[in-house]
Amino acid sequence: MPAPALLLVAKGKVIRMTLNGIIVIPLFLWAATAIAPFISQTSKAMGTFPKGLRANQLFSSIDSDPLEKLLAILIGKTVASPTILQGGLVVGALVAYSLLFGWYLRTMRQRNVSN
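Parameters and conventions
Residues numbered from 1 in each chain as written. Predicted model: local features only at pLDDT ≥ 70, side-chain atom pairs only at ≥ 80, totals over all residues. Heavy atoms only, no water. Helix = DSSP H or I, 4+ residues; strand = E, 2+ residues; numbered from the N terminus. Phe/Tyr/Trp six-rings, centres within 6.5 Å; stacked < 30°, edge-to-face > 60°. Buried < 20%, exposed > 50% of the residue type's maximum accessible area, 1.4 Å probe, protein only. Lys NZ or Arg CZ within 6 Å of the ring centre and 35° of its normal. Axes fitted to C-alpha atoms, helices over the stretch in contact; angles between N-to-C directions. Parallel < 35°, antiparallel > 145°, perpendicular 65-115°, else oblique. Left-handed = near helix turned anticlockwise from the far one by under 90°. Contact = heavy atoms within 4.5 Å. Nonpolar A, V, L, I, M, F, W, Y, C, P; charged D, E, K, R; others polar. pLDDT = per-residue confidence, 0-100.

Turning next to the environment of G47. Structurally, the position occupied by G47 is in the loop between α2 (14-46) and α3 (66-80). Each C-alpha atom of the pair G47 and T78 lies 29 Å from the other, and the pair is 31 residues apart in sequence.

The structure is reproduced here in structure tokens:
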């Protein structure tokens, strides 16, 4: 999430934007790092690996949705080698994500009604 989007979410409050950024930006970077091997392997298989990078280098994208990317990685690893602990983590992560999404949806609806 770039700084202008953070500013919109924070309703123009720079301190709130900064605090949100301290939490959100590392999540974006972590997600981009976590998916870099998959994106690099996929682009090599498709013949779209960026010119100028060495074959052993990785690249990624931090375009959007780090939580969804991290959830996808967790679910994929659980499907590949399921354990009860990983299954519990997936269920817990999906519940937490659903609760956060519900809170965000309710907040945005209230915000739209009040404007």
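Past the structure itself, the notes keep going.
By the definition in use, this model includes one aromatic pair. Their ring planes at 70° and their centres at 5.7 Å tell us that F49 and F59 sit as a pair that is edge-to-face. Of this pair, F49 sits in the loop between α2 and α3 while F59 sits in the loop between α2 and α3; the two residues are ten residues apart in sequence, bridging distant segments of the chain. Here F49 falls in the buried class, since its relative accessible area comes to 18%. Using a relative accessible area of 23% as the deciding quantity, one classes F59 as partly exposed. Here the guanidinium or amino end of K44 rests over the ring plane of F49, the centre of that ring lying 5.0 Å away.

At a minimum axis separation of 9 Å, α3 and helix α4 (residues 84-114) run at an interaxial angle of 155°. Judged by the inter-axis angle, α3 sits roughly antiparallel to α4. Two packed elements cross with a definite hand, and for α3 against α4 that hand is left-handed. Between α3 and α4, the residues in contact are L67, E68, L71, L74, I75, K77 and T78 and Q86, G87, L89, V90, A93, L94 and Y97, respectively. For the contact of α3 with α4, the per-class residue count stands at nine nonpolar, three polar and two charged.

This part takes up the packing of α2 against α3. The interhelical angle for the contact between α2 and α3, taken along N-to-C directions, is 40°, at an axis separation of 9 Å. Taken together, the axes of α2 and α3 lie oblique to each other. Both α2 and α3 take part in a crossing whose hand is left-handed. Residues L27, F28, W30, A31, A34 and I35 of α2 touch α3, and the partners they reach there are P66, L67, K69, L70 and I73. When its residues are assigned to classes, the contact of α2 with α3 shows ten nonpolar, no polar and one charged.

Attention shifts here to the confidence of the model for the chain. With 92% of its residues at a pLDDT of 70 or more, the chain shows a mean pLDDT of 83. By mean pLDDT, helix α1 (residues 3-9) is the weakest element of the chain at 69, and α4 is the strongest at 88.

By secondary structure assignment, the location of S40 is in helix α2. By relative accessible area, which is 1% here, S40 ends up buried. Discounting residues that sit within four places of it in the chain, S40 has contacts with F49, Q57, L58 and F59.

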